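Overview (structure and organization)
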Amino acid sequence: MIKKTPLLGKRLEELQELMVELGQPRFRGRQLSEWLYQKRASSFEEMSNLPKAVRQQLDDQYTIGRTAPRLTQVSKDGTEKYLFPLLSNSDLLFETVHIPEGDRATLCVSSQVGCKMNCSFCATGKMGWSANLTATDIINQVLSVPHSDQLTNLVFMGMGEPMDNYEEVVRVIDILTSDYGLGWSPKRITVSTIGVESGLRRLLEETNVHIAISIHNAIPEERLRLMPVEKAFPIDGVIRLLRRYDFSGQRRLSFEYILFDGVNDSKTHADRLISLLRPLDCRVNLIRYHAIPGLPYSTPAQERVEDFERYLNDKGLRTTTRRSRGEDISAACGMLSTQQK
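Presented here is a report on the structure given in the accompanying data block. (Residues numbered from 1 in each chain as written. Predicted model: local features only at pLDDT ≥ 70, side-chain atom pairs only at ≥ 80, totals over all residues. Heavy atoms only, no water.)

1. A word on the packing of aromatic side chains
Spelled out, the test is: Here the aromatic set is Phe, Tyr and Trp, taking the six-membered ring for Trp, and pairing holds for ring centres within 6.5 Å; pairs whose planes are under 30 degrees apart are stacked, those over 60 apart are edge-to-face, and all others are tilted. Each helix corresponds to a stretch of at least 4 residues labelled H or I by DSSP, and each strand to a stretch of at least 2 residues labelled E; elements are numbered beginning at the N terminus. Burial classification: accessible surface area is computed with a 1.4 Å probe over protein chains only, and a residue below 20% of its type maximum counts as buried, one above 50% as exposed, and the rest as partly exposed. Whether a charge lies above a ring is judged from NZ of Lys or CZ of Arg, which has to be within 6 Å of the ring centre and within 35 degrees of the ring normal.
Going through the model one piece at a time under the given rule, you end up with seven aromatic pairs. Relative to Phe94, the ring of Phe84 has its centre 5.8 Å away and its plane inclined at 15°; by these criteria the two rings are stacked. Remark: Phe94 occurs in strand β5 (residues 89-101) and Phe84 occurs in strand β4 (residues 80-86); sequence separation between them is 10 residues. For Phe84, a relative accessible area of 0% corresponds to the buried category. By relative accessible area, Phe94 is classed as buried at 1%. Residues Phe260 and Tyr297 carry aromatic rings whose centres are separated by 5.0 Å and whose planes lie at 45° to one another, so their mutual orientation is tilted. Taken together, the residues span a long stretch of sequence, with Phe260 in the loop between β12 (253-259) and α11 (267-277) and Tyr297 in the loop between β13 (283-288) and α12 (302-314) at a distance of 37 residues. Residue Tyr297 is classed as buried on the basis of its relative accessible area of 15%. An aromatic cluster is built from Phe121, Phe260, Tyr289 and Tyr297, whose rings are joined through pairwise contacts. Looking at Lys39, its charged tip hangs above the ring of Trp35, at a distance of 4.1 Å from the centre.

Next up, the structure:
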């Protein structure tokens, strides 16, 4: 059996070359891109403005690349979590989360099966790493989830470190924001990273998406205990890199700070965070830690979280606390692991 090549995830020029190889004019490539990304076709038969013979050629050699979620879980707060199989290996699974809130609908997409970064508090990190997602796998999350046509925002905050799969992630961003693709504004996309500098530098130069840095502790030796990446890419170096760029315009810079009880929630921690971030035009998103069985961390009291937020704001560091969503179905920050309740 010949394995067919998926078309989802190909750029316009690649689709144009594909059509030329099939003996068709280049403009057929744009027609194909419209069916894949704008009309969201799930079969070649739907592509009615392509000649029937061309549709048959495509069907013989290619596949769309669309795969439905294998499982859906719905939280009491309306958050939905989807379990997808990897297109190239259906035994490997990853998760995607849809977060509706008022007139916003955010999709939290994954870029890897598992993660190599091994953060001590993260269920995904404790899985280890199995595979990088292809652009096909990533875009399939956007097009194949329920409510796909209602999405207002997309965040690369699911499973995996996006900068550890840079080429596929930036290919997806290009397709999402191009006129031949979904035509989204880069302002609708946020990429979260724990500070892999090589990828972050390229992301800053090659895209205009929003940037979120997972920091969680501004004291380097303490951050190292939470996040082994601190050894390879110290947070001080990440800050120096970010200072070279302008975030006063349309691109937003934020820092994710998970608050652990008795670990990083003192006045000393707040003061170090303020000192570190003061040179930047940025904001802080506080996240209450979601307890994960087997990990040695506790959730801080709500009053503790509010005090920490208030202190940062009073000192001039713009801070908000992210409302916890989907905790009852293990869909909240740090809880994605493909282990179903």
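Now that the structure has been shown, we can carry on.
2. A few points about the side chain of Glu197
To keep it simple, the criterion reads: Any two residues having at least one pair of non-hydrogen atoms within 4.5 Å are treated as being in contact.
Secondary-structure assignment places Glu197 in helix α7 (residues 197-206). Those residues in contact with Glu197 that sit more than four places away from it in its chain are Phe233, Pro234, Gly237, Val238 and Leu241.

3. A closer look at the sheet that holds β12
We apply this condition: Strands are labelled as partners when DSSP assigns at least two bridges between them. What counts as an axis is a line fitted to C-alpha atoms, over the stretch in contact for a helix, and the angles between N-to-C directions run from 0 to 180 degrees.
With respect to topology, 10 strands assemble into an open sheet ordered β3-β4-β5-β6-β9-β10-β11-β12-β13-β14, the strand pairing being mixed. With one partner strand each, in any of the chains shown, β3 (71-74) and β14 (319-322) form the two edges of the open sheet. The sheet shows a mean angle of 25° between the axes of neighbouring strands, taken without regard to direction. Relative to strand β9 (residues 153-156), strand β6 (residues 104-108) runs parallel, the two sharing three bridges. The residue bridging Thr106 from the neighbouring strand is Asn153, located in β9. Across the sheet, helix α6 (residues 166-177) touches β9 and β10 (189-193), and the angle it forms with β9 is around 175°.

4. Comments concerning unusual backbone geometry
Look at Asn118: it is not a glycine, yet its phi comes out positive at around 55°. Tracing the backbone through its elements, the reader meets Asn118 in the loop between β7 (112-114) and α4 (123-127). In this model, His216 sits at a positive phi of 65°, which is unusual for a non-glycine residue. Residue position: His216 is located in the loop between β11 (210-214) and α8 (220-226). The class of His216 is buried, set by a relative accessible area of 4%.

Taken by themselves, the reported measurements are silent on function.
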